[in-house]
Amino acid sequence: MSDDIRFDLPQGAIPRQWYNVQADLPRPLPPVLHPGTHQPVGPDDLAPLFPMQLIMQEVSQDRWIDIPDEVREIYKLWRPTPLLRARRLEKTLDTPAHIYYKYEGVSPSGSHKLNTATAQAWYNKQEGINGLTTETGAGQWGTALAQACNFFDMECVVYMVRISYEQKPYRRAIMQSFGAGVTPSPSDSTNAGRTILEADPESTGSLGIAISEAVEVAATSGGKHKYSLGSVLNHVLTHQTVIGQEALGQMEIAGEYPDVIVGPTGGGSNFAGIALPFLHQNLTAGRDTKLLGVEPAACPSLTRGVYAYDFGDTVGMTPLLKMYTLGHGFVPPPLHAGGLRYHGMASIICELWDQKLLDMVAIPQLETFAAAITFAKAEGIIAAPEAAHGIAGAIREAQAAREAGDERVILFNLCGHGHFDMSAYDAYLGGELSNYEYPQAEIERAMEALPQVG
């Protein structure tokens, strides 16, 4: 075991392939269903939204998928990302646990999202697509896609959840600086947005609503634009596995192996990025690492949702995915972890949860911000509110290690910095935030609107 606090890999160690967990699942993923017929979708059904190479990745059973050379060249702008041991945090918590974190906030966009944004833009460019449409909550994903489209000289149209559009103006400004058009959602520029506004003119928006608008624009563009998603889909989670693959090598340099992997979980992309390569070791090499996802108590998709087929968007334009869902009509409270405000979860994460291959916990907002402040004072990094959920989960594990008196090794994914989220910290420090538990009655009411799939 090393006495160092930082464990870096040479640039040549950037992974050359993405890991596809579908090859190793004990039980295959449920099929994706057509929203109208409820029959399994085929490539032609998805072609209006995605390039064929990404559609093939979505259903691929190959364990390893080659990373295109041009994508890997762009990865060199920030990869490999550092892995650090949080020795000062360990001391602050008075824990015998060894805490490590993989820091994805060093990317040009400030988060892990650029790992898949770069890949998605590249594959679309290869098919001659002029531009991409998307949604964003906190703005991390929209920022990443705006930058990726700029890399490949493509248009980028972003629908940003209205409450985040208002709370985080600098994220919007970054997207616009890279040439993206940014519209608060719900908007009056789409049929989906107008429908929502007619029902609730004061709607603060949701990721599901923004997805409806972005999908509509892509589907009606006559092939000019395709749709791009920053989480949930299989190919997105696969692209993020560069994180965990690097972490495996870095933990080897550190001379330790994680007992626990922790990651915040909204749609599932950054948790998958850090956890799936270690799950591969659990499934194929006899390892027994605990994989712990952390979601907000205000949006408890996995811990309190129902495993059922549901739309990925609010209006009902997307294919039906089997996932743990709070209902596609879910409109979250305006909490500050905007990137985690999604009614559902990635099919891969849901299936792993259903197969009891991972653990999940929901943590309230105030505990999350308290953890972020503790981490910032100890390690000097202001984390995004979404990333702070991973910190809170890691601190819980470290405290449990202190109570048990064991030196468990904890690794968490610090998926992005919070430099443009300071209004959230300002509200927390000013005592303006509170905890919110999503009412059970609202969940039960939402279940009544689930699609009836035989």
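Rules of the game
- Residues numbered from 1 in each chain as written.
- Predicted model: local features only at pLDDT ≥ 70, side-chain atom pairs only at ≥ 80, totals over all residues.
- Heavy atoms only, no water.
- Core = buried A, V, L, I, M, F, W, Y, C linked by side-chain atoms within 4.5 Å.
- Buried < 20%, exposed > 50% of the residue type's maximum accessible area, 1.4 Å probe, protein only.
- Helix = DSSP H or I, 4+ residues; strand = E, 2+ residues; numbered from the N terminus.
- Contact = heavy atoms within 4.5 Å.
- 1 Å grid on protein atoms, 1.4 Å probe; cavity = no way out; pocket = protein on both sides within 12 Å on 5 of 7 lines; lining within 4 Å.
- Points joined across faces, edges and corners; volume = space filled by probe spheres on them.
- Nonpolar A, V, L, I, M, F, W, Y, C, P; charged D, E, K, R; others polar.

Before going further, it helps to spend a moment on the nonpolar core. Residues W18, Y227, I349 and L411 are the most contacted members of the largest nonpolar core, which totals 88 residues. The greatest single-element share of this core, amounting to 7 residues, is contributed by helix α13 (residues 269-284). L411 has contacts with L83, Y100, Y101, K102, A247, M251, P258, V260, I261, V262, I274 and F278, leaving out every residue within four places of it along the chain. Ranked by size, the runner-up nonpolar core spans 39 residues in total, among them A86, I99, V260 and F369.

Applying the stated criterion across every chain yields a total of 2 cavities of 30 Å³ or more. Along its surface, the second largest cavity is lined by V32, E58, V232, L233, N234, L321 and S347. The residue makeup of the lining of the second largest cavity, split by class, is 4 nonpolar, 2 polar and 1 charged.

Once that is clear, we can look at the layout of surface pockets. Estimated volume of the largest pocket: approximately 600 Å³. If you trace the largest pocket, you find 35 residues lining it, with V32, L46, E58, L233 and L321 closest to the centre. When contributions to the lining of the largest pocket are tallied by element, the ones reaching two or more residues are α1 (43-46), α2 (52-59), α10 (207-219), α11 (234-239) and β13 (320-325). Sort the elements by how many residues they give to the lining of the largest pocket and α2 lands first, with 5 residues. Of the residues that constitute the lining of the largest pocket, the class distribution is 25 nonpolar, 8 polar and 2 charged.

Omega for the peptide link from R79 to P80 comes to -5°, which places this bond in the cis form. The residue P80 is located in the loop between α3 (69-75) and β4 (83-85) in this model. Here S185 and P186 are connected by a cis peptide whose omega angle stands at 10°. The topology assignment puts P186 in the loop between β8 (181-185) and α9 (191-199). The backbone phi angle of D153 is positive, close to 55°, even though this residue is not glycine. Its place among the elements puts D153 in the loop between α6 (140-151) and β7 (155-161). We classify D153 as exposed; its relative accessible area is 67%.

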